[in-house]
Amino acid sequence: MSQLFRQIRFYIRLLWAFFSKYYALILLGLVSGVISFVSFPYLVKQIPKFRPTIKISVVGRYSASDIPFPIQQQISFGLTSVSSSGIVGPGLASNWTVSDDGKIYTFDLNPSFTWQDGTKVKSKDLGFKFKDVEVSYPNDNQVVIKLKDPFAPLPATLAQPVFKSGLLGLGKYKVYRIKKNGQYIEELLLVPIDREISIPKIQYRFYASDSLAQMAFKLGLVDILENTLASDEITKWPNVTISEEVHKDRYVAVLFNNQLLDKPTRQALSYGIDKTRWKHRALGPISDESWAFNPDIKYYEFDLAKAKSKKPESITLTTFPAFEKIAQDIKSNWEKVGIKVTLETVTSLPENFTALVLAQATPIDPDQYILWHSTQSTNIVHYNSQRIDKLLELGRKTIDTESRKTIYQDMQKYLLEDAPAAFLFYQTTYTIVRR
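Residues numbered from 1 in each chain as written. Predicted model: local features only at pLDDT ≥ 70, side-chain atom pairs only at ≥ 80, totals over all residues. Heavy atoms only, no water.

Student: Outline unusual backbone geometry, supporting the account with residue identities and numerical values.
Tutor: Of note in this structure, Asn 227 is not a glycine but carries a positive phi near 55 degrees. Of note, Asn 227 is situated in strand E11 (residues 224-228). Taking the relative accessible area as the measure of exposure, Asn 227 reaches 36% and is therefore partly exposed. Positioned with a positive phi, Tyr 300 is a non-glycine residue whose angle comes to about 55 degrees. Note on placement: Tyr 300 falls in the loop between helix H6 (263-271) and helix H7 (304-309). For Tyr 300, a relative accessible area of 6% corresponds to the buried category. (Helix = DSSP H or I, 4+ residues; strand = E, 2+ residues; numbered from the N terminus. Buried < 20%, exposed > 50% of the residue type's maximum accessible area, 1.4 Å probe, protein only.)

Student: Just give me the short version of the sheet that holds strand E14 (residues 340-345), but keep the residues and values in it.
Tutor: Taken in spatial order, the ten strands of this open sheet run E8-E9-E10-E1-E11-E16-E12-E15-E13-E14, and their pairing is mixed. Unpaired on one side and paired on the other, strand E8 (173-181) and E14 mark the two borders of the sheet. Shown here is a sheet whose adjacent strand axes are inclined to one another by a mean of 25 degrees, direction ignored. Here strand E13 (residues 314-319) runs beside E14; their pairing, made up of six bridges, is parallel. Each residue of the ladder has a partner; that of Thr 319, found in E14, is Thr 345. (Pairing = 2+ DSSP bridges. Axes fitted to C-alpha atoms, helices over the stretch in contact; angles between N-to-C directions.)

Student: I'd like a description of the sheet that holds strand E6 (residues 133-139), backed by residues and values.
Tutor: Ordered in space as E4-E5-E7-E6, the four strands form an open sheet in which the pairing is antiparallel. Strands with a single pairing partner mark the edges of an open sheet, and in this sheet they are strand E4 (93-98) and E6. Pairwise comparison of adjacent strand axes, ignoring direction, gives a mean angle of 20 degrees for this sheet. Bridge count between strand E5 (residues 104-109) and strand E7 (residues 142-147): five bridges; the pairing is antiparallel. Residue Phe 107 lies in a different strand from E7, and its bridge partner there is Val 143.

Student: Any details on the packing of aromatic side chains? Residues and values, ideally.
Tutor: For the coordinates displayed, the defined rule picks out eleven aromatic pairs. Residues Tyr 62 and Phe 206 carry aromatic rings whose centres are separated by 6.1 Å and whose planes lie at 65 degrees to one another, so their mutual orientation is edge-to-face. With a gap of 144 residues between them, Tyr 62 in the loop between strand E1 (53-59) and helix H2 (69-75) and Phe 206 in strand E10 (residues 201-207) connect regions that are remote in the sequence. Relative to Tyr 300, the ring of Tyr 271 has its centre 4.9 Å away and its plane inclined at 55 degrees; by these criteria the two rings are tilted. (Phe/Tyr/Trp six-rings, centres within 6.5 Å; stacked < 30°, edge-to-face > 60°.)

Student: Tell me what's going on with the pattern of salt bridges, and back it up with residues and numbers.
Tutor: The tally for this structure, following the rule as stated, stands at 16 salt bridges. Here Arg 205 makes a salt bridge to Glu 187, at a shortest N to O gap of 3.4 Å. Taken together, the residues Arg 205 in strand E10 and Glu 187 in strand E9 (residues 184-192) connect sequence positions 18 residues apart. For Glu 187, a relative accessible area of 19% gives the class buried. With a closest N to O distance of 3.8 Å, Lys 279 and Glu 244 form a salt bridge. Residue Lys 279 is located in the loop between H6 and H7, and its partner Glu 244 is located in strand E12 (residues 240-256); the two are separated by 35 residues in the primary sequence. Glu 244 gets classed as partly exposed once you look at its relative accessible area, which sits at 39%. Each of Lys 263, Lys 298, Glu 417 and Asp 418 takes part in one network of salt bridges that share partners. (Salt bridge = Lys/Arg side-chain N within 4 Å of Asp/Glu carboxyl O.)

Student: Can you explain the side chain of Asn 294? Please cite residues and give values.
Tutor: Counting through the fold element by element, Asn 294 comes out in the loop between H6 and H7. When its relative accessible area of 7% is taken as the criterion, Asn 294 is described as buried. One polar contact links the side chain of Asn 294 to the main-chain amide nitrogen of Asp 296, over a distance of 2.9 Å. (Polar contact = N/O pair within 3.5 Å; in protein donor to acceptor, adjacent residues only side chain to side chain.)

Student: So what's going on with helix H4 (residues 210-218)? Which residues, and what values?
Tutor: Residues Asp 210, Ala 213, Gln 214, Ala 216 and Phe 217 constitute the buried set of H4. Looking straight down H4, one finds its buried side chains confined to an arc of 155 degrees; they lie on one side. Packed against the buried residues of H4 are E1, E10, E11, helix H5 (232-235), E12 and strand E16 (421-434). A positive backbone phi angle near 85 degrees is found at Gly 220, which sits one or two residues after H4. (Arc of directions from axis to C-beta. Contact = heavy atoms within 4.5 Å.)

Pasting the structure below:
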């Protein structure tokens, strides 16, 4: 027992000697530990955090003045806004009025908006320039547009995003950096206005073709492929998520040269295409989501008897590489009808064709004057109808929405009867995200 007490006294004396020699360091360590424990949560909050960056591919060659509309919408918005059904609503302008003759539009700006540099929006900042149109700014919150002739689609047209100078806008993202190769953009970096660190930056990388964008995705240069036609190889990858988008403003059709093919032949060719193979049918030139859509039109469902009634002996079907599979299907349909079909693939819009498979973008507003009016060079099918011409002219001059609806429903009815094109389906693209 005495031996045990002697050992205990030894260790007590040893500890006391150690503490006596190093007590200052021991106390400093204890104090530092308490301070560190108390202040740790605060210090963690002060550690710099980095915003994540999403890298997205864009296919096409664009300059700073014509970047794709969806990207513009990230940066700014227009005087007005347009819903998926084509209904026009407020944007930068909270409201507007139209003179009785339809020639003067007065837009009242919402005074609560500021540019991304923090300055208040003034009407003169917008600097609108339209051909043969007078634009004035009576005060900081008003824009007056005077037209030579009534133009009912104007409010929808003004949904185009506005910018103060360069790409300084009103949206949730602002341009931080642009990398160019000559006049064309290679990279565009957008940063969010919101300070919340979880909201990511967006880096758009531009590629000349869909195949190059897909290669960049495979190499890990981009995280997201937007609006791609999605090769079978990529869609089978185990670490990707794929979603589809149906573009109701972009249909694929067979356009007929109306100077070479008469109405009965165009109708027969339209009846000779089995359209049930396509998931999202386009029934006519105006989307079935539009406020102006007419459901009571000729649908041209596959009808072998009607297809044979006025079929041509032979026809050349022209297509682009992206639509070769579609053209092959149509060729197969027409051959079953008894038509000898020659398939021709081109890489640019031909000056002359008999039948052409093409994707056609349509305006936000149901006005399709530039596509079907006989005076327009963009009427590439050479469609010529006095009745359609008058309806198109009247539609863009009529301000009342219900009256316009009646006009455009008549336009669709008579145009489908003439069959200047066989409307097939709305174009579908895919967004592929790396998980």
